[in-house]
Amino acid sequence: MTLFGRHPERAIWNEVECGDYKADLPLWEELADSLGDDDVIMELGCGAGRVVHHLAARGANLVIGIDHDRDLVEAVWDKERGTTGDAEFADVRDFFFTTGFSLVLAPMQLIQLLASSDERLDCLQCVANSMDPGARAAFAIVEELLPAPESSLPPLPDLRQVNGWIYSSLPLEPEIDSERILLRRLRQTVDPDGGMTEQMNEVELCVLSAEELEDEAAEVGLRTTGRREIPPTEAHVGSTVVLMEREA
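Enquirer: Explanation requested: the overall build of the protein in the structure shown.
Expert: For the protein, the count of helices and strands is 7 helices and 12 strands. A compact globule built from 248 residues would reach a C-alpha radius of gyration of about 18 Å, and the protein, at 18 Å, matches this within 12%. By the burial criterion, 46% of the 248 residues in the protein qualify as buried. The long-range share in the protein, meaning contacts at least 24 apart out of those at least 6 apart in sequence, stands at 65%. Carbon and sulfur atoms make up 49% of the accessible area of the protein, which amounts to about 12,300 Å² in all. Averaging the coordinates of the 20 positive side-chain charges in the protein and doing the same for the 49 negative ones gives two points 3 Å apart.

Enquirer: Any chance you could explain the sheet that holds strand β1 (residues 40–44) here in plain terms?
Expert: Sheet strands pair by backbone hydrogen bonding; their relative direction is either parallel or antiparallel. Ordered by their spatial adjacency, 7 strands build an open sheet running β3-β2-β1-β4-β5-β12-β11, and the pairing between neighbours is mixed. Bordering the open sheet on either side are β3 (85–89) and β11 (222–230), each of which pairs with just one other strand. Across the sheet, the mean angle from the axis of one strand to that of its neighbour is 20°, orientation sign disregarded. Inspection of the sheet shows β11 paired to strand β12 (residues 239–246) by 8 bridges, in the antiparallel sense. Paired with arginine 223 across the strands is glutamate 245, a residue of β12. Across the sheet, helix α6 (residues 117–130) lies against β1, β4 (101–106), β5 (131–141), β11 and β12, angled at about 145° from β5, the strand it touches most.

Enquirer: Can you walk me through α6 in this structure?
Expert: The end-to-end C-alpha distance of α6, which contains 14 residues, comes to 20 Å, matching closely the 20 Å that a straight helix rising 1.5 Å per residue would cover. Within the sequence span of α6, burial applies to Arg120, Leu121, Cys123, Leu124, Cys126, Val127, Ala128 and Ser130.

Enquirer: Would you take a moment to explain the nonpolar core for this structure?
Expert: Buried together is how nonpolar side chains tend to be arranged in soluble globular proteins. Grouped together as the largest cluster of nonpolar side chains are 34 residues, with contacts concentrated most on Leu44, Phe95, Val127, Phe139, Leu213 and Met244. The set of elements that each furnish at least two residues to this core consists of β1, β2 (62–67), β4, α6, β5, α7 (210–219) and β12. Among the elements that take part in this core, α6 stands out by supplying 6 residues, more than any other. Leu31, Val52, Val63 and Val241 belong to the second-largest nonpolar core, a separate cluster that totals 24 residues.

Enquirer: Whenever I open this one, the pairing of β12 confuses me. Can you help?
Expert: On a regular strand, each side chain points to the face opposite its neighbour's, so the side chains alternate between the two faces of the sheet. Along β12, 6 of the 8 residues are buried, which leaves the element largely enclosed by surrounding structure. Strand direction decides the pairing type here: β5 and β12, joined by 6 bridges, are antiparallel. Looking across to β12, one finds that alanine 138 is bridged to leucine 243.

Enquirer: Got a minute to help me understand the pairing of β2 in this structure?
Expert: Within β2, 5 of the 6 residues are buried, which leaves it mostly tucked inside the rest of the structure. Bridge count for β1 against β2 is 5 bridges, and the pairing is parallel. Bridge pairing links methionine 42 to isoleucine 64 in β2. Each parallel crossover has a hand, and for β1 linked through helix α4 (residues 50–58) to β2 it is right-handed. Pairing of β2 with β3 involves 5 bridges; the strand directions are parallel. Each residue of the ladder has a partner; that of valine 63, found in β3, is glycine 85.

Rules and cut-offs
- Residues numbered from 1 in each chain as written.
- Predicted model: local features only at pLDDT ≥ 70, side-chain atom pairs only at ≥ 80, totals over all residues.
- Heavy atoms only, no water.
- Helix = DSSP H or I, 4+ residues; strand = E, 2+ residues; numbered from the N terminus.
- Rg over C-alpha atoms; globule rule 2.2 N^0.38 Å.
- Buried < 20%, exposed > 50% of the residue type's maximum accessible area, 1.4 Å probe, protein only.
- Contact = heavy atoms within 4.5 Å.
- Areas by Shrake-Rupley, 256 points an atom, 1.4 Å probe, with all protein chains shown as cover.
- Lys, Arg positive; Asp, Glu negative; His and termini not counted.
- Charge placed at Lys NZ, Arg CZ, Asp CG, Glu CD.
- Pairing = 2+ DSSP bridges.
- Axes fitted to C-alpha atoms, helices over the stretch in contact; angles between N-to-C directions.
- Expected span 1.5 Å × (residues − 1).
- Core = buried A, V, L, I, M, F, W, Y, C linked by side-chain atoms within 4.5 Å.
- Right-handed = clockwise from strand over helix to strand, strands pointing away.

Here it is as structure tokens:
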């Protein structure tokens, strides 16, 4: 069973809009390379398995993703057979594993998809409870969106062609206010006969600073150990990555 055969819509759009994003991978590789072979990695909000697949394909570590979308979790299973990658259906605000994790990753502003500080604290508490002593965690957030320079070219759409269908996703100018960042994409689908449909896809992020996230992490016993920056791409915003550690 192929990834696109069983879960076409959600899996394809996840692959179209996230599958080619690579700007964060060097940092996740760096963090994973500090682990022993028996250490286990968790990814929060794994989608169709972009990071799980990448890390599992390059090393001996077991990499487990969790996502609240069962179809995407099953898409990871389809893709990861025969590797050290896996996924589980779970809510990042309420999960429990008997396995202890040495590294927890939350790419692509996952923590900002949660609606409030209370929800973030629930997530962070679950993360802290799942971490081995001395384990590390890394949360990517977007703190500020700068307008594109007037001289810059408009972004190109992300594209996939699957079984004669063309899927296009064009990033549009985000909408920003004091409490939210609305990321917008125009999704267009062209069928094999040339018929086109389109829809607007919107993802709402809570405005969140690194300082706020660090303070929330401290409330659940996670110690901040630094920050890293991931540069923007033509189709994706840049990120600040807040690094945390559970006391040994």
